[in-house]
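Chain and residue survey
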Amino acid sequence: MNFAQIDSIEERLKLMKFLSRTFSLRAHQVDIEGSFPFANINDLKTSGYTTLTIPAKYGGQGISLYELIRLQEMIAEGDGATALSIGWHMGIIMNLHEKNLWNDSIFKFLCEKVNNGSLINSAQTEPKTGSPTRGGRPETTAFKEGQGWVINGRKTFTTMAPVLDFFIVNATINETNEIANFLIPRETKGIMIEETWDSIALRGTGSHDLILQNVIVPEAYLVERPNAKNRKANGWLLHIPACYLGISKAAQKYAIKFAMDYSPNSIKGTIIDLPNVRQKIGEMELKLMQAESFLYSVAKQWDAAGEQEREKMLPALGAVKLTITNAAIEIVDLAMRIVGAKSLSIQNPLQRYYRDVRAGLHNPPMDDMTMELLAKESIFNYHNE
């Protein structure tokens, strides 16, 4: 069955649940090897999933943000690294369409490529700039030569690097000192991937370094001149908390199954009947209910809002990411307390969930930036009452 041939979210979730179970069977080996989940990404491509955020006029389904995060969450229940990886591709396509950021002919060209299996991600982070959300200027440079641009630099954390067909690279234009985004096809001469990814979390994302040495792209491939001072609200980034919510749900399910099966000889029955275990299960469920409610409601609000209303949602979007990422860490910790020392075995998925959810603290927006934004919002509202 193909995602593009299914109209209802319920049927798409059913298909994704099947794929997610397959991903979970592969997750341990990918994590142990620090390899890349090629089979998972191929399954998502051949199932038609990677085309769902393409607008209908260009051959996709133009699914809503709410539907995207539900599907991404389910992928993460099977494998967090696969979910976070493909989430960037899915969200970028959605964002380009929603904000009409590129020349229409270039965007149409990209959609045609994606419909034929191509994948895309941004390469924005650099060794000396840190997170792009903190305002660091790219040391990657671009200068005009003839009818094209020559680009040089190094990018870090290029998630899904082993299979990307297109990179969106930000660079400083030498002549004007402006920052611009360039679309760079993988086959372009001067592109190299250096396999530097050695993180203990989300080991399967293949977030290696992208090296650009005298890379030449056509003039039209300067696709955007973003205004760093005018920070935009980006609903598509909710794919990040959706990933960590999915991982925490997998931890909860594992802990409950363990508690239902484990029967030490010191008690009659299994530990599922022990009050202290049930207390922790209840705490996990409460945190998941709160996280789901917050994430889903803000996603639906985004889908229903117009452009001006969406720009006012920046504090709420940051609050969702902060809340769910930290809740996911707490939920996995509770699951590990139920399972005990067995959760620390390299064969046990809980230790992988524990490492993976902590990566969320380092995905944008960062907690301190969100708190500052919420403080500004609160003070602004106070002065305008």
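Everything below is about the structure printed above this text.
A brief look at the structure comes next. (Residues numbered from 1 in each chain as written. Predicted model: local features only at pLDDT ≥ 70, side-chain atom pairs only at ≥ 80, totals over all residues. Heavy atoms only, no water.)

It is worth spelling out the pairing of strand E4 (residues 166-173) at this point. Burial within E4 is extensive, with eight of its eight residues counted as buried. Where burial is concerned, the two faces of E4 agree: the one with Phe166, Ile168, Asn170 and Thr172 and the one with Phe167, Val169, Ala171 and Ile173 are both buried. Bridge count for strand E1 (residues 120-123) against E4 is four bridges, and the pairing is parallel. Counted as the bridge partner of Asn121 is Phe167 from E4. As paired strands, strand E2 (residues 141-145) and E4 are joined by two bridges and run parallel to one another. (Buried < 20%, exposed > 50% of the residue type's maximum accessible area, 1.4 Å probe, protein only. Helix = DSSP H or I, 4+ residues; strand = E, 2+ residues; numbered from the N terminus. Pairing = 2+ DSSP bridges.)

Between helix H4 (residues 80-99) and helix H5 (residues 104-115), the least distance of the axes is 11 Å, while the angle of their chain directions is 150°. One way to sum up the angle between H4 and H5 is to call them roughly antiparallel. Note that H4 runs across H5; the crossing there is left-handed. For the pair formed by H4 and H5, the contact residues are His89, Ile93, Leu96 and His97 on the first element and Phe107, Leu110 and Val114 on the second. Grouping the amino acids of the contact of H4 with H5 by side-chain chemistry returns five nonpolar, two polar and no charged. (Axes fitted to C-alpha atoms, helices over the stretch in contact; angles between N-to-C directions. Parallel < 35°, antiparallel > 145°, perpendicular 65-115°, else oblique. Left-handed = near helix turned anticlockwise from the far one by under 90°. Contact = heavy atoms within 4.5 Å. Nonpolar A, V, L, I, M, F, W, Y, C, P; charged D, E, K, R; others polar.)

All right, on to the pattern of salt bridges then. All told, the structure shown has 16 salt bridges when counted by the stated rule. Notably, a salt bridge pairs Lys144 with Glu219, separated by 3.1 Å at the nearest N-O pair. Taken together, the residues Lys144 in strand E2 and Glu219 in the loop between strand E7 (208-218) and strand E8 (222-224) connect sequence positions 75 residues apart. Of the residues examined, Glu219 reaches a relative accessible area of 38% and is grouped as partly exposed. For Lys287, the salt bridge goes to Glu330, with nearest N and O atoms at 2.9 Å. (Salt bridge = Lys/Arg side-chain N within 4 Å of Asp/Glu carboxyl O.)

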